[in-house]
Amino acid sequence: MSAYSLTHLSDQTLLADLAVLVTADRHTTAALLAHIAEVDARALYLPAACSSMHVYCMRVLHLAEDAAFKRIRAARAARRFPQIFGAIADGRLHSSGVVLLAPHLTDDNADELLAAAGHKSKAEIEVLLAQRWPRPDLPTQLEPRPALTGSPLPEVAPGPPRDAPPSTTRATPLAPQRFALQLTIDQSTQEKLMRAQALLRHRVPSGELAQVLDHALDALLTTLAREKFGATARPRTAQSRAGTDPRHVPSDVKRAVHARDGEQCAFVSEEGERCLERGFLELDHRTPVARGGQATIDNTRVLCKSHNRYEAERIFGAAFMQSRRTRARKAPKAQPGTAPAGAATPAEIESDALLGLRGLGFTDAEARTALARSAHLPSTTLEQRLRISLAELHRAHANRCSEGAPASWQPGGRLFIAPTAPGGP
Ligand SMILES: [Zn+2]
């Protein structure tokens, strides 16, 4: 007999078994949220070639989009306020309620608000929140819109990269090769659409909006490919700006890297899984500029924002990257083409350089000595400071080797930069 055929059970047994299963399910849910929260906090989705926890939940755990979104939101709230785990385990709160409560929870109100929401339905929690945080009235009349159905297509959106809620725009499959696109546009977009329709009349006499949109996307993609990947119908070897800006990637290198990696993150997990992210793509130097890396085809690859950061942390350490992010947040908005960290003071650069060298595996004493010995050399950016300090360490290492120092001096075997001229590119 199938384990799922229950026709033989008495009503009493059926209800008792159901109650046992619900209790077990609540405990499993609490444990599941705790695991999601910890995996999320450790960013273990990154080595699995997923650009976010949301992508990991869908691609590896095979959760549905909305289930993944809800569980991650609830898990993050419970990590901040661990009393939520117990409340879910004993049935006082459900995940949907936690998602509603999460934006309103603070250290001051958490205990009281979670207690007030205990054993309430989702609708009752909405009422509770509306009473405490009233929102302005909606306009009296809105144009009626049919309900949106269907789910976002993987081809259109491979998954919200930063665990964003599912988009309200839908491209719904209707039949093979046919999709219904439904979206709301504002006045100016409508005017652009009408203007494009009028200008395209000689090529699209019917004015069919689907064809107008197709032409518009062709034009947009050509522009974006040129901006992002240096794509052009008449390629020429770029005038190299590398002499002045070591981070500059020439167009011919961009084109070759794009041809090799495609429009997708090139990060591959140890299991051989490649990251599927196609948004937030950045060009990454395999050997960082600070370590003498050049903008060559072999040294450049396409990475998503999450994996670019992950690789930088693997090389320089989390403390170094955290310090840079904090500084970038505090710094005034950078002008296009300049690094936010450029606003750092010499003392901040010195402090970050120390963290970076420590992250690379050098001892505190080695890092401080190298920084002191190269302090007189001209450097205005963190990358320059790191490059000349690493060159100093390399020189010291070479001297020790020639003097017969033990090979174990090399910190963690991680010193493999080519020395570059101090202050040079
Ligand atoms: Zn990636």
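Now for a quick tour of the structure. (Residues numbered from 1 in each chain as written. Predicted model: local features only at pLDDT ≥ 70, side-chain atom pairs only at ≥ 80, totals over all residues.)

### Describing the environment of A24
(1) Moving on: Topologically, A24 is positioned in helix α1 (residues 11-41).
(2) Moving on: In this structure A24 comes out as exposed when scored by C-beta crowding, with 10 C-beta atoms within 10 Å.
(3) Moving on: Separated by 65 residues in sequence, A24 and A89 place their C-alpha atoms 8.5 Å apart. (Helix = DSSP H or I, 4+ residues; strand = E, 2+ residues; numbered from the N terminus. Buried ≥ 20, exposed ≤ 12 C-beta atoms within 10 Å, placed from the backbone.)

### A word on the nonpolar core
One broad rule of soluble globular proteins: the nonpolar side chains tend to lie buried together.
(1) Moving on: Among the nonpolar cores identified, the biggest contains 42 residues, and L33, A78, I84 and V98 are the most heavily contacted of them.
(2) Moving on: When contributions to this core are tallied by element, the ones reaching two or more residues are α1, α2 (53-59), α3 (65-80), α4 (83-89), α5 (95-101), α10 (251-261) and β4 (300-304).
(3) Moving on: The element contributing the most residues to this core is α3, with seven residues.
(4) Moving on: If you count residues domain by domain, this core takes at least three from each of domain 1 (15-130) and domain 3 (251-314). (Core = buried A, V, L, I, M, F, W, Y, C linked by C-beta atoms within 7 Å. Domains from an automatic or database assignment.)

### As for the pairing of β4
(1) Moving on: Burial analysis of β4 places five of its five residues in the buried class, the great majority of the element.
(2) Moving on: Residues T300, V302 and C304 of β4 are buried on one face, and the alternating residues R301 and L303, pointing to the opposite face, are buried as well.
(3) Moving on: Where strand β3 (residues 281-285) and β4 come together, five bridges link them in antiparallel fashion. Bridge assignment links H285 to a residue of β4, and that residue is T300. (Pairing = 2+ DSSP bridges.)

### Side note on the packing of helix α11 (residues 305-316) against helix α12 (residues 318-330)
(1) Moving on: Between α11 and α12, the least distance of the axes is 7 Å, while the angle of their chain directions is 125 degrees. With respect to each other, α11 and α12 are oriented oblique. Across the interface between the two elements, R309, A312, E313 and F316 from α11 touch A318, F320 and M321 from α12.
(2) Moving on: Residue composition of the contact of α11 with α12, grouped by class: five nonpolar, no polar and two charged. (Axes fitted to C-alpha atoms, helices over the stretch in contact; angles between N-to-C directions. Parallel < 35°, antiparallel > 145°, perpendicular 65-115°, else oblique. Contact = placed C-beta atoms within 7 Å. Nonpolar A, V, L, I, M, F, W, Y, C, P; charged D, E, K, R; others polar.)

### Brief notes about helix α8 (residues 187-199)
(1) Moving on: Its 13 residues give α8 an end-to-end C-alpha distance of 18 Å, which sits within 8% of 18 Å, the value for a rise of 1.5 Å per residue.
(2) Moving on: The buried fraction of α8 amounts to zero of the 13 residues, a small share that puts the element mostly on the outside. (Expected span 1.5 Å × (residues − 1).)

### What to know about the environment of Q197
(1) Moving on: Relative to the helices and strands, Q197 is located in helix α8.
(2) Moving on: Residue Q197 is classed as partly exposed on the basis of its 19 C-beta neighbours within 10 Å.
(3) Moving on: When the C-alpha positions of Q197 and E208 are compared, they lie 8.0 Å apart, and in sequence the two are eleven residues distant.
(4) Moving on: If we ignore the near neighbours within four places in the chain, the residues touching Q197 are G207 and V212.

Structural measurements only, silent on function.
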